[in-house]
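Remarks on the overall topology
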Amino acid sequence: PSNRPDCLSHVGIAREVSVIECKELRLPRIESFKTEGRAEDLTSVAIKDPDLCPRYAARLVRGVKIAPSPEWLGKRLEAIGQRPINNVADITNYVLHELGQPLHAFDFHKLAGPRIIVRRATAGEKLKTLDGVERTLTTDMLVIADAERPVALAGVMGGEESEISSTTTDVLIESAYFDPDSVRRTARALGMDTEASRRFERGADREGVLFAQERCVQLICELAGGVASEDAIDVYPGPLVPRIVGLRPQRVTELTSVSVENAEIIRILTGLGFEIVDQSFKVPSWRIDVSQEEDLVEEVAR
């Protein structure tokens, strides 16, 4: 459903099924990979407009070899209607569908600075996106820029000038959270609809940014070689405040006429990722649609 962005991923659907089937959810396991050097010694990130981008993380993988993806990865993408491109681009798409977090890979040596600046576009600024179309931007559009020019439309599509090619050796992996309304406005104004914009428009998981990035980086190191920076530059000026919502068990019966044991209410909600806090529940960061008692009743009822 449109108000359940967490279900726009394989893990999101698996979480639902695990509760229905009374099974344990198994998240992707991140294997160890080679690391060397700190990201902040190699690049920098500045967010000029935190109202439109509350979080941006950048991590480097150096010494990659761009090549076609292994057969298993190509087949999995084709099975969901995605055309394989190359190993690095395919990994970002794979993790997007697996975890629901859009990611972007920049050719690091094509970034001026080399640094990342997240800012509003200037009036009339131009950007040729990955689909080959030159876009004229307005001041209410958020861009990812380097020291000189825009290199991506935030949350919508990357730019052609910084795309991964056969000569790419070092990549910068972006994992971020962009304001849903901002992404929606930009995508509509430019007549664009992408896998990334669909997820950001509905609300991505602000707390899942680093896990998705690490999963992506691990797969790149495994399938394309290379050595990752030891850490990510994670610019997150205003962390999310956890939401705590109370639930009186009798409200389930009062609102639905269905009688549910307290133990079953707890099993359902904890299986969906809610944590018990005293007599209430802490809402998981990926459930942006839950804010009041009636929402918890709905979870139990369905």
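Up top you'll find the structure we're talking about.
Anyway, here's the lowdown on the structure attached to this text. (Residues numbered from 1 in each chain as written. Predicted model: local features only at pLDDT ≥ 70, side-chain atom pairs only at ≥ 80, totals over all residues. Heavy atoms only, no water.)

1. Thoughts on the sheet that holds strand S8 (residues 150-153)
- Across the sheet, which stays open at both edges, the five strands sit in the order S1-S4-S7-S8-S9 with mixed pairing between neighbours. Of all the strands in the sheet, just strand S1 (45-47) and strand S9 (157-158) have a single pairing partner and so form its edges.
- Strand direction decides the pairing type here: strand S4 (residues 116-120) and strand S7 (residues 142-145), joined by four bridges, are antiparallel. Across the sheet, Arg119 pairs through a bridge with Val143, a residue of S7. (Pairing = 2+ DSSP bridges. Helix = DSSP H or I, 4+ residues; strand = E, 2+ residues; numbered from the N terminus.)

2. Side note on the nonpolar core
- Tyr56, Phe106, Ile116, Ile144, Leu172 and Phe178 are the most contacted members of the largest nonpolar core, which totals 37 residues.
- Every element with two or more residues in this core is listed here: S1, strand S2 (55-62), S4, S7, S8, strand S10 (170-177), helix H4 (180-189) and helix H5 (195-202).
- Counting 25 residues, the second-largest nonpolar core is a separate cluster that includes Val61, Val64, Leu219 and Cys221. (Core = buried A, V, L, I, M, F, W, Y, C linked by side-chain atoms within 4.5 Å. Buried < 20%, exposed > 50% of the residue type's maximum accessible area, 1.4 Å probe, protein only.)

3. Remarks on the environment of Arg119
- Within the secondary structure layout, Arg119 lies in strand S4.
- By relative accessible area, Arg119 is classed as buried at 17%.
- Sequence separation of Arg119 and Asp49 is 70 residues, and the distance between their C-alpha atoms is 5.5 Å.
- With near-sequence residues (within four places) excluded, Arg119 lies in contact with Lys48, Asp49, Glu125, Met141, Leu142, Val143, Ala145, Arg149 and Pro150.
- Among the polar contacts listed, one links the side chain of Arg119 to the side chain of Glu125, at a separation of 2.9 Å. (Contact = heavy atoms within 4.5 Å. Polar contact = N/O pair within 3.5 Å; in protein donor to acceptor, adjacent residues only side chain to side chain.)

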